[in-house]
Amino acid sequence: MGTLWFGGKIYTLEHENETVEAIYTENGRIKKVGSKSELTSMFEKEMTEKHDLKGNVMIPGFVDSHLHMIGHGEKLLRLDLSEATSAEEMKRHLINKVNDTASFDWVIGEGWNENNFQDRKIFHRDELDDIAPNNPMMLTRVCRHAILANSIALDLAGITDDTPDPEGGVIMRDNEGRATGYLLDRAQELVKDAMPEVSTEYLEKALSCSVDDLVAKGVTGGHSEDLNYYGGFKRTYETFVNVINGQRKFRANLLVHHEVIEQMRKQGLGFGDGTNYVELGAMKIFADGALGGRTALLSDPYNDSPDTSGVAIHSIEGLAELVKKARVHDMPVAIHVIGDLALEYAIEAIEQYPVPYGLRDRLIHTQVMRDDLLKRLKELSVILDIQPRFVASDFPWVMERLGEARMTWSFAWKTLLDSGVPIAGGSDAPIEPVNPLLGIHAAVTRKRPEETHGGYYPEQKLSVFESVSLFTKGSAIAIGREHERGLIKENFDADFTVLNRDIFNCDPDLILQTEAVMTVIDETIVYQKERGSLS
């Protein structure tokens, strides 16, 4: 029982520009690569299916190394504010949503970004009260490190003007000392904890929508962080197991937030456990916030706000204790680090409590680097988990945040790649669009899709081969699967993405017009779009 794949350009990614004519797969694995005639002759008796690629281009399956899969599904189901380009447009969307929502029901929006507004306006709770006088409202910023809430939501959360900032969070206040409804990092949890728990049916619908959208974009797997939300570990883990099964295949590696490690253990589970398609990964820790809300932890103050250097989610001692906790459970860590001081804290903790032999820690985002820190990273068993699309969404305003002196070591993907430290690529969806081709375009061009200049800090551009490798080989390395995933090679998993254009040999801007026409997971076609090749 085997399958022959032929009739298109097949890139192995083992070496740049290396292609093969055909692949023979069996029992979910690649058994042999070679010419069509050779494989047909060799496996004629076992071959039960043949798939003509019709001139399209096959590569190893895209894997998103960092996203929030249920959150991505929620964005598909909820009010999406990410495309609003002005405060007036955002207000119109909110009014329309409120008009369609019953009184006292929550109004939830996703993805607003004041940096897309000419006036950089952030709504005050009084303005939200005017829009939604009878509904609690929570609006998540694009970075997911800040929310806006109206007065009803603040009251339900027990937040008054006198409520102290929680550890690792900030309740923003106006000149009169009133809470504005703008809550940063851990302060968000006060409102989220006051929200009604979503149903199991809702969770399964959100995850199903997410998986269906991912495979339609050529994504065969994702490393997702969801397990500390939606009612805790057991409920959320079971949602993944129920949705991702033999009928809906997808390779999910689930990061386990440090706050639910004990819940995981109570279920008799540990690192690496799971099902055929759902496995438990590293322990997730947040070390800081994000640049957009000025909560990423920097060594020196923000260039455009010298009164702050960001927010440490944990003290340096507290972060080290969490890394120690992971080691007690024989787990690697996956630490969210955006600012350079947060990265320094993470490195010190990992140096103090090294990863178990044969495993690799993951440092997620690493947007602001320093030369001395990169030298220390080269001595550790780590992988850097970057999101190339941040270049398209964060520039040019991020240059105001950081200042010219820090930019040499910020978003420096080529410098990081050339250092020899392994790198994986993800989207951080729903913060960024989930389509990996957008991340690849951003890595190659260093600009927004609509811009025509030569790129922000063009010396940091990656080649298409390097960029695609982030989402294939890099993602496999991140979970220790580099010997069975990420390449088209004998004995590797039969996970493929088929594109309608050869992105390795086209104008980079045409990457944006490229589509996945087939997605294959475990030798099974899980998505197919019938249309001719554009290559």
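Here, the structure is the one placed above.
The text that follows walks through the structure, step by step, so that each part is easy to find. Worth saying up front: this structure is predicted, and the values here are computed from it rather than measured. (Residues numbered from 1 in each chain as written. Predicted model: local features only at pLDDT ≥ 70, side-chain atom pairs only at ≥ 80, totals over all residues. Heavy atoms only, no water.)

1. Topic: the overall build of the protein
Looking only at helices and strands, the protein has 18 helices and 24 strands in total. Its C-alpha radius of gyration of 23 Å places the protein within 12% of the 24 Å reference for a compact globule of 535 residues. Taken over the C-alpha atoms alone, the protein extends approximately 80 × 55 × 55 Å along its principal axes. Here the protein holds 535 residues, and 60% of them are scored as buried. (Helix = DSSP H or I, 4+ residues; strand = E, 2+ residues; numbered from the N terminus. Rg over C-alpha atoms; globule rule 2.2 N^0.38 Å. Buried < 20%, exposed > 50% of the residue type's maximum accessible area, 1.4 Å probe, protein only.)

2. A look at the sheet that holds strand β19 (residues 361-365)
Spatially, the eight strands line up as an open sheet ordered β8-β15-β16-β17-β18-β19-β20-β21, and their pairing is parallel. Lying at the two open borders of the sheet, with one neighbouring strand each, are β8 (62-67) and β21 (423-425). Looking at each pair of strands side by side, their axes are set apart by 25° on average, direction ignored. Bridge count between strand β15 (residues 219-225) and strand β16 (residues 251-257): five bridges; the pairing is parallel. (Pairing = 2+ DSSP bridges. Axes fitted to C-alpha atoms, helices over the stretch in contact; angles between N-to-C directions.)

3. Overview of the nonpolar core
In this structure, Ile 23, Met 69, Ile 244, Phe 250, Leu 291 and Ile 335 are the most contacted members of the largest nonpolar core, which totals 122 residues. For this core, the element with the most residues is helix α11 (residues 340-352), which contributes eight residues. If sequence neighbours within four positions are ignored, Leu 291 has contacts with Ala 296, Tyr 302, Ile 338, Gln 367, Val 368, Trp 397, Val 398, Arg 401, Leu 402 and Phe 411. In terms of nonpolar packing, the next biggest core, distinct from the first, is built from 24 residues, Leu 81, Ala 132, Leu 139 and Val 311 among them. (Core = buried A, V, L, I, M, F, W, Y, C linked by side-chain atoms within 4.5 Å. Contact = heavy atoms within 4.5 Å.)

4. A few points about helix α17 (residues 436-445)
Burial analysis of α17 places 10 of its 10 residues in the buried class, the great majority of the element. Every buried residue of α17 is accounted for by Pro 436, Leu 437, Leu 438, Gly 439, Ile 440, His 441, Ala 442, Ala 443, Val 444 and Thr 445. Against the buried residues of α17 lie β8, β15, α13 (390-394), α18 (464-478) and β22 (496-499). One side-chain oxygen of the residue at the start of α17 lies 3.0 Å from the amide nitrogen of Leu 437, identifying that residue as Asn 435. Of the residues flanking the end of α17, it is Arg 446, one or two places downstream, whose phi is positive at about 60°. (Polar contact = N/O pair within 3.5 Å; in protein donor to acceptor, adjacent residues only side chain to side chain.)

5. Points about the side chain of Arg 448
Mapped onto the elements, Arg 448 comes out in the loop between α17 and α18. A residue is classified by how much of its surface remains accessible, and Arg 448, at 17% relative accessible area, is buried. A polar contact is formed between the side chain of Arg 448 and the backbone oxygen of Ala 392, at a distance of 3.4 Å. Reaching out from Arg 448, the side chain makes a polar contact with the backbone oxygen of Phe 395 at a distance of 3.0 Å. Apart from residues no more than four positions distant in its own chain, Arg 448 is found in contact with Asn 116, Ala 392, Ser 393, Phe 395, Pro 396 and His 441.

6. Description of the packing of helix α2 (residues 69-77) against helix α7 (residues 200-216)
Pairs of packed helices are described in terms of their axes, by the angle between the two and the distance that separates them. Direction vectors running N to C along α2 and α7 enclose 95°, while the axes themselves pass 7 Å from each other. By the angle class used here, α2 and α7 are roughly perpendicular. Two secondary-structure elements touch here, α2 through Met 69, Ile 70, His 72, Gly 73, Glu 74, Leu 76 and Leu 77 and α7 through Tyr 202, Leu 203, Lys 205, Ala 206, Leu 207, Cys 209, Ser 210, Val 211, Asp 213 and Leu 214. Broken down by class, the residue content of the contact of α2 with α7 amounts to 11 nonpolar, three polar and three charged. (Parallel < 35°, antiparallel > 145°, perpendicular 65-115°, else oblique. Nonpolar A, V, L, I, M, F, W, Y, C, P; charged D, E, K, R; others polar.)

7. Observations concerning the environment of His 124
Within the secondary structure, His 124 sits in the loop between β10 (107-112) and α4 (125-131). Residue class for His 124 comes out buried when judged on its relative accessible area of 17%. Sequence separation between His 124 and Asp 385 is 261 residues; the distance between their C-alpha atoms is 35 Å. Residues contacting His 124, with those up to four places away along its chain left out, are Asp 174, Arg 178 and Thr 180. Within the structure, His 124 has its side chain in polar contact with the side chain of Asp 174 (distance 3.2 Å).

8. A word on the side chain of Ser 210
If you trace the backbone, Ser 210 turns up in helix α7. Taking the relative accessible area as the measure of exposure, Ser 210 reaches 0% and is therefore buried. If near-sequence neighbours (up to four positions away) are discounted, Ser 210 is found in contact with Met 69, His 72, Gly 73 and Leu 76.

9. A closer look at the packing of aromatic side chains
Tallied over the full model, the rule gives 10 aromatic pairs. Ring centres 5.8 Å apart and planes at 70° place the aromatic pair Trp 5 and Phe 496 in the edge-to-face group. Here Trp 5 is found in strand β1 (residues 2-6), whereas its partner Phe 496 is found in strand β22, with 491 residues between them in sequence. Residues Trp 5 and Phe 496 agree in their burial class; the two are buried. On the basis of an interplanar angle of 25° and a centroid distance of 4.9 Å, the ring pair of Phe 395 and Tyr 456 is categorised as stacked. (Phe/Tyr/Trp six-rings, centres within 6.5 Å; stacked < 30°, edge-to-face > 60°.)

10. What about unusual backbone geometry?
Cis rather than trans, the peptide bond between Phe 395 and Pro 396 has omega equal to 5°. Here the phi dihedral of Lys 54 falls at roughly 55°; this positive angle occurs in a residue that is not glycine. With respect to the helices, strands and loops of the structure, Lys 54 is situated in the loop between β6 (47-52) and β7 (57-60).

11. What to know about the environment of Thr 524
One can find Thr 524 in strand β24 (residues 524-528). Linking Thr 524 and Lys 249, residues 275 residues apart in sequence, is a C-alpha distance of 8.4 Å. What Thr 524 contacts, discounting residues up to four positions off in sequence, is Lys 249 and Thr 519. Within polar-contact distance, the side chain of Thr 524 engages the side chain of Lys 249 at 2.9 Å.

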